[in-house]
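Each chain is listed here by its residues.
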Amino acid sequence: MTCTRSVARSVDGRHPPNNDRPPFTTSRIMARKSVLTSQAAPPAGAYSQAVSAGDFVFVSGQLPLDPNGALVGAGDIKAQTRIVLHNMAAILREAGSSLDDVVKTTVFLTSLDDFPGMNEIYAATFAPPYPARSTVEIGRLPHGMLLEIECIATAQRKTT
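On a predicted model such as this, the values are computed, not experimentally measured, just so you know.

Engineer: Describe the overall build of the protein, naming the residues involved and giving the relevant values.
Structural biologist: When helices and strands are tallied, the protein shows three helices and six strands. Along the protein, helices (α) and strands (β) appear in the sequence α-β-β-β-α-β-α-β-β when read from the amino end. Burial statistics for the protein: of 160 residues in total, 34% are counted as buried. Residue pairs at least 24 apart in sequence account for 66% of intrachain contacts in the protein once pairs closer than 6 positions are excluded. Per element, the accessible surface of the protein, about 10,000 Å² overall, is 54% carbon and sulfur.

Engineer: Tell me about the sheet that holds strand β5 (residues 132-137), residues and numbers included.
Structural biologist: The six strands lie next to each other as β1-β2-β3-β6-β4-β5, forming an open sheet whose pairing is mixed. In the strand order of this sheet, the two ends are held by β1 (32-35) and β5, each with one partner. The mean inter-strand angle of the sheet, taken between neighbouring strand axes irrespective of direction, is 15 degrees. Sheet analysis places strand β3 (residues 56-62) next to strand β6 (residues 147-154), joined by five bridges and oriented antiparallel. Residue pairing across strands places V59 opposite C151, the latter belonging to β6. On the sheet, helix α2 (residues 77-94) packs against β1, β2 (50-53), β3, β4 (102-109) and β6 and is oriented at approximately 30 degrees with respect to β6.

Calculation notes
Numbering of residues starts from 1 in every chain and runs along the sequence as written. Only residues with pLDDT of 70 or above have their local features reported here, since the model is predicted, and side-chain atom pairs are shown and tallied only from 80 upward, although totals for entire chains, interfaces and linings are computed over all residues. Values shown for side chains rest on all heavy atoms present in the structure; no hydrogens or waters enter the calculation. Elements are defined by DSSP. Helices are runs of H or I of four residues or more, strands are runs of E of two residues or more, and each kind is numbered from the N terminus. The classification of residues rests on relative accessible area computed with a 1.4 Å probe and restricted to protein chains. Under 20% of the type maximum is buried, over 50% is exposed, and intermediate values are partly exposed. In this analysis, two residues are considered to be in contact whenever any of their non-hydrogen atoms come within 4.5 Å of each other. Here the Shrake-Rupley method, with its probe set to 1.4 Å, supplies the accessible areas, and only the displayed protein chains count as covering residues. For two strands to count as paired, DSSP must find a minimum of two bridges between them. Axis angles are defined between N-to-C directions and span 0 to 180 degrees, where every axis is a line fitted to C-alpha atoms and, for a helix, only to the segment in contact.

Shown next, in the form of structure tokens:
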């Protein structure tokens, strides 16, 4: 992707507007496609399970819910981590990607005391080189959920 910008400056030193081209939008640069699978918890609001755009798949934060939207593993960080990563894998598979293609995750925990249990399942699920990861403690999640994980993965190009 190449982004160009006018270098001509006005008298006051600011860039003048370029009225000759339409506004910069992502739709002009890369096509976006919503990803939806029945093998993971359905979206509970105005968002997609994932969006593929260009060479990437952006997976929304996944909660410990089964495909019917029911909580899995109440109070059990390991069970909740397993179902979250299972849902993430199903969504990535639908997008033509996989957990092996994940480059970045963000883990949201309601208590950092749950980090060791989450990390045990996480480390067993991903293979080296592990994705880049941020882990943060948050105030709360609904209905006894202990974590949420989102990710960015590379998209595998389909050859025809």
